[in-house]
Amino acid sequence: MNNVNQYNIVKSALDLEVTIHDATNELNKLSRQTFRECPAPPVMQMVDRVYPPPVITVKYRWYIMLLPIILFLLSPLVSIIFGAHGGAMFLVVAVSSIFIWTPGYIIVQFIRRRRQKKNILKSKKYKSQVDEYDRMYDYQQQQLNQQYAYELSIYNNQILPQYNNEKRIWTEQHESKIANTKTIITSSRNQLNSLYNSSRIIPSHYRSIEALQHICTTLYSSNYDVSFAINSYDNYRMKLALDEANQLKEQLKLQEELNSQLLSENNDRLDETNELIRSIRNDQRIIGAVGAIQNARSNHFLKGLSGG
């Protein structure tokens, strides 16, 4: 078998391998595709019915609540006017009213306010006002109901049927694409197996796209046969492996040099630290010795004074 025939066989095998590879990727892509989600139906809107709060005229008068404190502050003046006994009695009344008057006033006003609110809610005037608000809200709700009915009709009669029709068309086309892609893969694989079995010039472990590309290029650019092209591919792969091994070796060498440099720098820093510690200890010994000498001289001086 001459060079041209071998090239045609390898080129056909390469084309079929590429076709199977691309079709397989396309099949995986198609398998992950889905049609867009169905549009959401309209939602009924409800009127938020808010009514005016009843107007409470019963107020908490803070100056009335603070009356016992005012009396307490006036107790010194009462003592001056009416004497200590009168001032003491006035003070007792003021202090007692703080714990009686103020809580009692708050409770009474609370009961009055609640009673007034209940009476207002039961009054014809307030009920009439509420009825007027209800009529307004009922009208607004009616408008919303009509809008909802219109949107629902559009959804059921136009949007949803259009979506279902588009989904049906897309599904049919999508399933057809998947079936065609599977047919391409099956047909190409059958042709490829038949080609490999009939020619028997390409060993099984050289049937990758990378290997076939290298063999095909070698046959096309020279007069050599498949055996030479396969050896050329083996040499090419061996060279790549050696280059990768050398590159890894260089990286390991650089890493070892870096680790050695870091270790050396750490040892230098450790030596400097130890030297600094020794220097500090020596300084401490000198300071201690000087202090001892000074203490001895001071004691000697004091003894001389006491002896004199």
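Residues numbered from 1 in each chain as written. Predicted model: local features only at pLDDT ≥ 70, side-chain atom pairs only at ≥ 80, totals over all residues. Heavy atoms only, no water.

(A) Just the overall build of the protein, in detail. The helix and strand tally for the protein stands at six helices and zero strands. The secondary structure elements of the protein, listed N-terminal to C-terminal, are α-α-α-α-α-α. Residue pairs at least 24 apart in sequence account for 80% of intrachain contacts in the protein once pairs closer than 6 positions are excluded. (Helix = DSSP H or I, 4+ residues; strand = E, 2+ residues; numbered from the N terminus. Contact = heavy atoms within 4.5 Å.)

(B) Fine view of the nonpolar core. In this structure, Val-10, Ala-13, Ile-202, Tyr-206, Leu-212, Ile-215 and Leu-219 are the most contacted members of the largest nonpolar core, which totals 22 residues. Elements with a minimum of two residues in this core: helix H1 (3-32), helix H4 (124-199), helix H5 (209-220) and helix H6 (226-307). Tallying contributions element by element places H1 first for this core, with seven residues. When residues no more than four places from it in sequence are discounted, the contact partners of Ile-215 are Val-10, Tyr-206, Ala-229 and Ile-230. (Core = buried A, V, L, I, M, F, W, Y, C linked by side-chain atoms within 4.5 Å. Buried < 20%, exposed > 50% of the residue type's maximum accessible area, 1.4 Å probe, protein only.)

(C) Up close: unusual backbone geometry. Even without being glycine, Arg-200 reaches a positive phi, approximately 55°. Examined against the element boundaries, Arg-200 turns out to sit in the loop between H4 and H5. According to the relative accessible area criterion, Arg-200 is exposed, its value standing at 66%.

(D) Region of interest: a nonpolar patch on the surface. Residues Ile-107, Phe-110 and Ile-111 make up a contiguous nonpolar surface patch of roughly 280 Å² in combined accessible area. For Ile-107, the position within the fold is in helix H3 (residues 67-122). For Ile-107, a relative accessible area of 51% translates into the label exposed. (Patch = residues over 30% accessible without salt bridge, like charges linked within 9 Å, V, L, I, M, F, W, Y side chains within 5 Å. Areas by Shrake-Rupley, 256 points an atom, 1.4 Å probe, with all protein chains shown as cover. Salt bridge = Lys/Arg side-chain N within 4 Å of Asp/Glu carboxyl O.)

(E) Looking closely at the side chain of Ser-188. With respect to the element layout, Ser-188 can be found in helix H4. Apart from residues lying up to four places away in sequence, Ser-188 is in contact with Leu-16, Thr-19 and Ile-20.

(F) Examining the packing of aromatic side chains more closely. In total, this model carries nine aromatic pairs according to the counting rule given. For the pair Phe-35 and Tyr-163, a centre-to-centre distance of 5.5 Å together with 45° between the ring planes defines the contact as tilted. Here Tyr-163 lies in helix H4 and Phe-35 lies in the loop between H1 and helix H2 (62-65), a separation of 128 residues in the sequence. Look at Phe-35 and you get buried, because its relative accessible area is 17%. According to the relative accessible area criterion, Tyr-163 is buried, its value standing at 6%. (Phe/Tyr/Trp six-rings, centres within 6.5 Å; stacked < 30°, edge-to-face > 60°.)

(G) Representation of the environment of Lys-118 within the structure. Note on placement: Lys-118 falls in helix H3. In the structure, Lys-118 is positioned 64 residues away from Pro-54 in sequence and 9.1 Å away in space, judged by C-alpha atoms.

(H) Summary view of the pattern of salt bridges. What the rule picks out here adds up to seven salt bridges. In this structure, the salt-bridge partner of Asp-134 is Arg-49, at a minimum N-O distance of 3.3 Å. Taken as a pair, Asp-134 in helix H4 and Arg-49 in the loop between H1 and H2 lie far apart in primary sequence, 85 residues in all. Assessed through its relative accessible area of 34%, Arg-49 is described here as partly exposed. We note a salt bridge from Asp-243 to Lys-239, for which the minimum N-O separation is 3.1 Å. On the criterion of helical spacing, the pair formed by Asp-243 and Lys-239 is a turn pair, its members being four residues apart in helix H6. On the basis of relative accessibility, which here comes to 35%, the residue Asp-243 falls in the partly exposed class. Note on Lys-239: relative accessible area 52%, which makes it exposed. Several salt bridges share partner residues, and in doing so they unite Arg-49, Asp-134 and Asp-138 into one network.

(I) Layout of a positive patch on the surface. A contiguous patch of positive charge, built from Arg-112, Arg-114, Arg-115, Lys-118, Lys-122 and Lys-127, is present on the exposed surface. Considering the arrangement of structural elements, one finds Arg-115 in helix H3. We classify Arg-115 as exposed; its relative accessible area is 52%. (Lys, Arg positive; Asp, Glu negative; His and termini not counted. Charge placed at Lys NZ, Arg CZ, Asp CG, Glu CD.)

(J) Spatial organisation of the packing of H1 against H5. Where H1 meets H5, the closest approach of the two axes is 9 Å, and the angle between their N-to-C directions is 150°. With respect to H5, the element H1 is oriented roughly antiparallel. The handedness of the crossing between H1 and H5 is left-handed. Note on element contacts: H5 touches H1 through Ile-209, Leu-212, Gln-213, Ile-215, Cys-216, Leu-219 and Tyr-220, opposite Asn-3, Gln-6, Tyr-7, Val-10, Lys-11, Ala-13, Leu-14, Glu-17, Val-18 and His-21. Looking at the contact of H1 with H5 residue by residue, the class counts come to eleven nonpolar, four polar and two charged. (Axes fitted to C-alpha atoms, helices over the stretch in contact; angles between N-to-C directions. Parallel < 35°, antiparallel > 145°, perpendicular 65-115°, else oblique. Left-handed = near helix turned anticlockwise from the far one by under 90°. Nonpolar A, V, L, I, M, F, W, Y, C, P; charged D, E, K, R; others polar.)

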